[in-house]
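Read off the chains here:
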Amino acid sequence: MATYDSVRDLPLEIESYRLEPLEVQASHDFSRPTTVIHLEGGGHEGVGEDVTYSGEDQAALQAEGPTLPLAGSHTLDGFSQLLERLALFPSGPGMEAFRDYRRWAYESAALDLALRQAGLSLAAAVGREPQPVTFVVSLRIEQPPTPDPIPLLLERYPTLRFKLDPTSEWDEELVGTLAETGAVDTVDLKGAYKGTPVDQPGDPGLYRLVAEGFPAAWIEDPDLNDGTGPVLEPYHSRVTWDAPIHSVADIEALPFAPRMLNVKPSRFGSVRRLLDTFDYCAERGITTYGGGQFELGPGRGHIQYVASLFSPDAPNDVAPGEYNQGGARPGLPRSPLPVAAASTGFRWG
């Protein structure tokens, strides 16, 4: 049975909904806004988080308020079909990918509410036992590039693992210093990102440097072209993908079959596409790891919960939000995260 079949017919009663704005000043030049969706019905509440990065898109949503015709009796699948027909953006979106981010906010809230109304947890519904979640800390080193803050983090948390974003400014000395830590699980080349502040064009020299310098690390989202393709050809077994993956069809369109994929729930938009992707990967022996989108609220718990069910031992990019604020300080959560699945709903922690 497809995993989605275990939840698709869950009854869902929605009486009203409300929006809750969240925002954090992540750095001197980057403010991160999100919006929590609260669906209410039958004395229960379901929550999801819109991780759209555009401040303008978030402000427009919050200014419009809860005007969508969501109230009524649905099944989870019927509600998903309703969302397919609705215009979820008052204006925009700033990027096409944001459509899935917003849809996931409503679908994850609906999944949470339907499960809570049924008195079920997500784990019970899909027949899986949640496990402690291994995580990595994702970092983009500031310019000019230095190893900081990795040495201090490892001094305080010796078993910590990392996912790093190399740039063309990296050199052999930096890669050698980082490689000596033995703590780098993934290098994210950001080659599949277009039109974002973190774009990193395909760079054959950089690709060779990190592929050789981190011989055990996964190589995420390369920009494969005439220059970089030959460089990475010997390392296809280590290449993994994130930004291009929104559905099974996207996996089948990859230039070669992957061994590993980064599965970020918000990229898929619908519960069905997400669960169908996990089924597809399991049938073909493709392992997965979880990823996030700088969630500020319940969305972070959602990605940790999903990882606990489908990829608990992988290099999941789902570190607690405390790692995004305050630097390398004492008292941060350690990997693996203990199981924190609630007795009902799609709730973690």
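What counts, and where the lines are drawn
Residues numbered from 1 in each chain as written. Predicted model: local features only at pLDDT ≥ 70, side-chain atom pairs only at ≥ 80, totals over all residues. Heavy atoms only, no water. Salt bridge = Lys/Arg side-chain N within 4 Å of Asp/Glu carboxyl O. Helix = DSSP H or I, 4+ residues; strand = E, 2+ residues; numbered from the N terminus. Buried < 20%, exposed > 50% of the residue type's maximum accessible area, 1.4 Å probe, protein only. Core = buried A, V, L, I, M, F, W, Y, C linked by side-chain atoms within 4.5 Å. 1 Å grid on protein atoms, 1.4 Å probe; cavity = no way out; pocket = protein on both sides within 12 Å on 5 of 7 lines; lining within 4 Å. Points joined across faces, edges and corners; volume = space filled by probe spheres on them. Pairing = 2+ DSSP bridges. Axes fitted to C-alpha atoms, helices over the stretch in contact; angles between N-to-C directions. Contact = heavy atoms within 4.5 Å. Expected span 1.5 Å × (residues − 1). Nonpolar A, V, L, I, M, F, W, Y, C, P; charged D, E, K, R; others polar. Parallel < 35°, antiparallel > 145°, perpendicular 65-115°, else oblique. Left-handed = near helix turned anticlockwise from the far one by under 90°.

Quick look at the pattern of salt bridges now. Using the criterion set out here, one finds 22 salt bridges in the structure. A salt bridge links Arg103 to Glu107; the shortest N-O distance between them is 3.1 Å. Of this pair, Arg103 and Glu107 are both found in helix α3 (residues 98–118), four residues apart, which corresponds to roughly one turn of the helix. Grouping residues by exposure puts Arg103 and Glu107 together as buried. Bridged by salt links that share partners, the residues Arg140, Lys163, Asp165, Asp188, Lys190, Glu220 and Asp317 form one connected network.

Here we come to the nonpolar core. Counting 95 residues, the largest nonpolar core has Val7, Leu39, Leu70, Phe79, Tyr106, Phe162 and Trp170 as the members making the most contacts within it. A total of eleven residues in this core trace back to one element, the largest contributor, which is α3.

For the rest of this paragraph, the subject is empty space enclosed by the protein. The final tally for this structure, using the stated rule, is four cavities of 30 Å³ or more. Size it by volume and the largest cavity reaches roughly 80 Å³. Trp104, Leu111, Leu122, Val126, Val271, Leu274, Leu275, Val306, Leu309, Phe310 and Phe346 together form the lining of the largest cavity. Mapped onto the lining of the largest cavity, the elements with two or more residues apiece are α3, α4 (122–126), α11 (271–284) and α12 (298–310).

What follows is about the pairing of strand β3 (residues 30–41). Of all the twelve residues making up β3, nine are buried; the element is thus mostly covered by neighbouring parts of the structure. By the bridge criterion, eleven bridges tie strand β2 (residues 16–27) to β3 in an arrangement that is antiparallel. Of the residues in β3, the one forming a bridge with Pro21 is Thr35. Counting the residues between successive antiparallel strands, the hairpin from β2 to β3 contains two residues. Here β3 runs beside strand β4 (residues 44–50); their pairing, made up of seven bridges, is antiparallel. Residue Ile37 lies in a different strand from β4, and its bridge partner there is Gly48. Turn length for the β3-β4 hairpin, with the two strands adjacent in sequence and antiparallel, is two residues, and the turn residue Gly42 shows positive phi of about 60°.

Here we take up the sheet that holds β2. Strands sit in the order β2-β3-β4 across an open sheet of three strands; the sheet is antiparallel. The outermost strands of the open sheet, each flanked by one partner alone, are β2 and β4. Strand-to-strand, the axes of this sheet are offset by a mean angle of 20°, without reference to chain direction. Sheet strands in contact with helix α1 (residues 55–64) are β2, β3 and β4, and its direction is about 30° off that of β3.

Along its 13 residues, α12 runs 19 Å from first to last C-alpha, staying within 8% of the 18 Å computed at 1.5 Å per residue. Most of α12 is tucked away: twelve of the 13 residues are buried. If you check which residues of α12 are buried, you get Gly299, Arg300, Gly301, His302, Ile303, Gln304, Tyr305, Val306, Ala307, Ser308, Leu309 and Phe310. Buried-residue contacts for α12 involve β4, α3, α4, α10 (265–268), α11 and β12 (287–290).

Glancing now at the layout of surface pockets. Within this model, the second largest pocket holds a volume of roughly 170 Å³. What lines the second largest pocket is Leu83, Glu84, Leu86, Ala87, Leu88, Phe89, Arg99, Asp100, Arg103 and Arg273. Within the residue set of the lining of the second largest pocket, elements represented by two or more residues are α2 (76–85) and α3. Examining the composition of the lining of the second largest pocket, we find that three residues originate from one element, α3, more than from any other. Broken down by class, the residue content of the lining of the second largest pocket amounts to five nonpolar, no polar and five charged.

This part takes up the packing of α2 against α3. The interhelical angle for the contact between α2 and α3, taken along N-to-C directions, is 160°, at an axis separation of 10 Å. Here α2 lies roughly antiparallel to α3, going by the angle between them. α2 and α3 meet at a crossing whose hand is right-handed. Within the contact between the two elements, α2 uses Leu76, Phe79, Ser80, Leu83 and Glu84 and α3 uses Arg103, Tyr106, Glu107, Ala110 and Leu111. A breakdown of the residues in the contact of α2 with α3 according to their chemical character gives six nonpolar, one polar and three charged.

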